[in-house]
Amino acid sequence: MAHPKSRISKQRKHKRRTHYKAVTPQLSVCQNCGATVQYHRVCPECGYYRGRQAIEKEISL
């Protein structure tokens, strides 16, 4: 098994791991009802995806 010749400092380790971070989800506006929706997801309010009805939703007024 390979062993490191010298210890890796905390600063070097943290520099390498700077890219591992949480990303906020991309949001868009539903074309049908105007609700905010994550990209590539069916609208939870009306059930439409890219202008077409994907799932049946009951409309409560």
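Reference entry: report on the structure contained in this document.

The rules behind these values
In this convention, every chain numbers its residues from 1, walking through the sequence in written order. Local features in this predicted model are restricted to residues of pLDDT 70 or higher, and side-chain atom pairs are both shown and tallied only at a pLDDT of 80 or more, whereas totals for entire chains, interfaces and linings draw on every residue. For the side-chain quantities, the full set of heavy atoms in the structure was used; hydrogens and water were omitted. A run of H or I in DSSP becomes a helix once it reaches four residues, and a run of E becomes a strand once it reaches two; helices and strands are each numbered from the N terminus. Computation of the radius of gyration draws on C-alpha atoms alone. For the globule rule, the value is 2.2 Å times the number of residues to the power 0.38. Throughout, a contact is declared for two residues whenever any of their heavy atoms are within 4.5 Å. Each accessible area is a Shrake-Rupley estimate made with a 1.4 Å probe; only the visible protein chains count as cover when residues are assessed. To define a nonpolar core, start from buried Ala, Val, Leu, Ile, Met, Phe, Trp, Tyr and Cys residues and group those joined through side-chain atoms within 4.5 Å. Three labels apply to residues, based on accessible area from a 1.4 Å probe with only protein chains included: buried if under 20% of the type maximum, exposed if over 50%, partly exposed otherwise in between. Residues qualify for a patch when their relative accessible area is over 30% and they have no salt bridge, like charges being joined within 9 Å and the nonpolar side chains of Val, Leu, Ile, Met, Phe, Trp and Tyr within 5 Å. A pairing counts as a salt bridge when a side-chain nitrogen of Lys or Arg comes within 4 Å of a carboxyl oxygen of Asp or Glu. By the counting rule applied here, Lys and Arg register as positive and Asp and Glu as negative, while His and the ends of each chain are not counted. Just so you know, the charge point we use is NZ for Lys, CZ for Arg, CG for Asp and CD for Glu. Any two cysteine sulfur atoms within 2.5 Å of one another count as a disulfide.

Structural notes on the overall build of the chain
Check the secondary structure of the chain and you find 1 helix and 4 strands. For the chain, the N- to C-terminal ordering of α and β elements is α-β-β-β-β. Expected size for 61 residues packed as a compact globule is a radius of gyration near 10 Å; at 23 Å, the chain overshoots this value by more than 25%. With respect to the principal axes defined by its C-alpha atoms, the chain has extents near 70 × 25 × 20 Å. Put simply, 0% of the contacts in the chain that link residues at least 6 apart link residues at least 24 apart. Per element, the accessible surface of the chain, about 6500 Å² overall, is 51% carbon and sulfur.

Topic: the nonpolar core
Among the nonpolar cores identified, the biggest contains 5 residues, and these are C30, A35, V37, C43 and C46. Here C46 is in contact with C30, N32, C33, I55 and K57, once residues within four sequence places are set aside.

Considerations on a nonpolar patch on the surface
A grouping of V42, Y49 and I55 is seen on the molecular surface, where their side chains present a nonpolar patch of about 220 Å² in accessible area. As for its position among the elements, Y49 is in strand β3 (residues 48–49).

Observations concerning a positive patch on the surface
Positive charge collects at one region of the surface, where R12, K15, R16 and R17 lie side by side. By the element assignment, R17 lies in the loop between α1 (10–16) and β1 (27–29). A relative accessible area of 43% places R17 in the partly exposed class.

Quick word on unusual backbone geometry
In this model, H40 sits at a positive phi of 60°, which is unusual for a non-glycine residue. For R50, which is not glycine, the phi dihedral falls at a positive 55°. Within the secondary structure layout, R50 lies in the loop between β3 and β4 (52–53). You can call R50 exposed: its relative accessible area is 71%.

Thoughts on the environment of N32
Mapping N32 onto the fold places it in the loop between β1 and β2 (36–38). Residues N32 and K21, 11 residues apart in the sequence, show an inter-C-alpha distance of 33 Å.

Focus on the state of the cysteines
Covalent bonding between the sulfur atoms of two cysteines defines a disulfide. Within this structure, the stated rule accounts for 0 disulfides. Unpaired in terms of disulfides, C33 finds its nearest cysteine sulfur in C43, a separation of 3.7 Å. Looking at C33, the relative accessible area reads 40%, which means it is partly exposed.

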